[in-house]
Amino acid sequence: MHLTTQLLIGLIAVVHLWFLVLEMFLWQTARGRATFGTDAEFAARSAPLAANQGLYNGFLSAGLAWSLLAGAPGDPDGFTPAVFFLSCVLIAGVYGAATVSRRILVVQALPAACALTACLLSR
């Protein structure tokens, strides 16, 4: 993969690692509530759901990091896992934009679409 593609994938991995931190550890803090526009009562009630969602974001981050660091057997440049995990991020972003907030389209889906396009063009 080209350096630009790797940088985009790395950025998306870091963003999803930050989502993990926000959703698993900062959900009920002032920063977490401000980020997601929730109040203390809602944050307390929904903390287990947010932590679960954060864990999934961590898996996306780990998969993207894996695509950069190790690749897959028979795919040493990590192209296949990169396409898979970027597609997962893109689909989750489109779904989140349709069901939760259009802001997710810009924060999650658009960067994933750009990285996926760059990844596919790098072949």
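Read on for an overview of the structure.

### Describing the overall build of the chain
Each helix and strand in the chain was counted, giving five helices and zero strands. Traced from its N-terminal end to its C-terminal end, the chain shows the element sequence α-α-α-α-α. Referenced to the eigenvectors of the C-alpha coordinate spread, the extents of the chain come out at roughly 50 × 25 × 20 Å. The buried share of the chain, reckoned over its 123 residues, is 37%. Pairs at least 24 residues apart make up 59% of the contacts formed inside the chain by residues separated by at least 6 positions. Total accessible area on the chain is roughly 7200 Å²; 71% of this is exposed by carbon and sulfur atoms. Side chains of the chain carry 6 positive and 5 negative charges; the gap between the two charge centres is 8 Å.

### Some points on a nonpolar patch on the surface
A contiguous nonpolar surface patch, about 530 Å² in accessible area, is contributed by Met24, Phe25, Leu55, Tyr56 and Phe59. Among the elements that line the nonpolar patch, the one with the most residues is helix α3 (residues 40–69), at three residues. Tracing the chain through its elements places Met24 in helix α1 (residues 3–24).

### Remarks on the environment of Ala65
On the secondary structure map, Ala65 appears in helix α3. Taking the C-alpha atoms as reference points, Ala65 and Ala92, 27 residues apart in sequence, are found 18 Å from one another.

### Details of the pattern of salt bridges
Oppositely charged side chains can form a pair if their charged atoms are brought close together. Taken as a whole and assessed by the stated rule, the structure comprises two salt bridges. The closest approach of N and O atoms between Asp77 and Arg123, which form a salt bridge, is 3.3 Å. Within this pair, whereas Asp77 is found in the loop between α3 and α4 (79–99), its partner Arg123 is found in the segment after α5 (103–121), the two being separated by 46 residues in sequence. Assessed through its relative accessible area of 27%, Asp77 is described here as partly exposed. For Arg123, a relative accessible area of 56% corresponds to the exposed category.

Scoring rules and cut-offs
- All residue numbers here refer to positions counted from 1 along the written sequence of the relevant chain.
- The model is predicted, so local features are restricted to residues of pLDDT at least 70 and side-chain atom pairs to those at 80 or more, both for listing and for counting; the totals for chains, interfaces and linings are taken over all residues.
- As a rule here, side-chain values cover all heavy atoms of the structure and leave hydrogens and water aside.
- Numbered from the N terminus, helices here are DSSP runs of H or I no shorter than four residues, and strands are runs of E no shorter than two.
- Categorising residues by exposure relies on relative accessible area from a 1.4 Å probe, with only protein chains included: less than 20% of the type maximum marks a residue as buried, more than 50% marks it as exposed, and the intermediate range marks it as partly exposed.
- In what follows, residue pairs with any heavy atoms lying within 4.5 Å of each other are defined as contacts.
- For accessible areas, the Shrake-Rupley method is used with a probe of radius 1.4 Å. Any residue's cover is judged against the shown protein chains and nothing else.
- As used throughout, the charge tally considers Lys and Arg to be positive and Asp and Glu to be negative, leaving His and the chain termini uncounted.
- For charged residues, the charge sits on one atom: NZ in Lys, CZ in Arg, CG in Asp, CD in Glu.
- Each patch is built from residues lacking any salt bridge and having more than 30% relative accessible area; the joining distance is 9 Å for like charges and 5 Å for nonpolar side chains (Val, Leu, Ile, Met, Phe, Trp, Tyr).
- When a carboxyl oxygen of Asp or Glu is within 4 Å of a side-chain nitrogen of Lys or Arg, the pair counts as a salt bridge.

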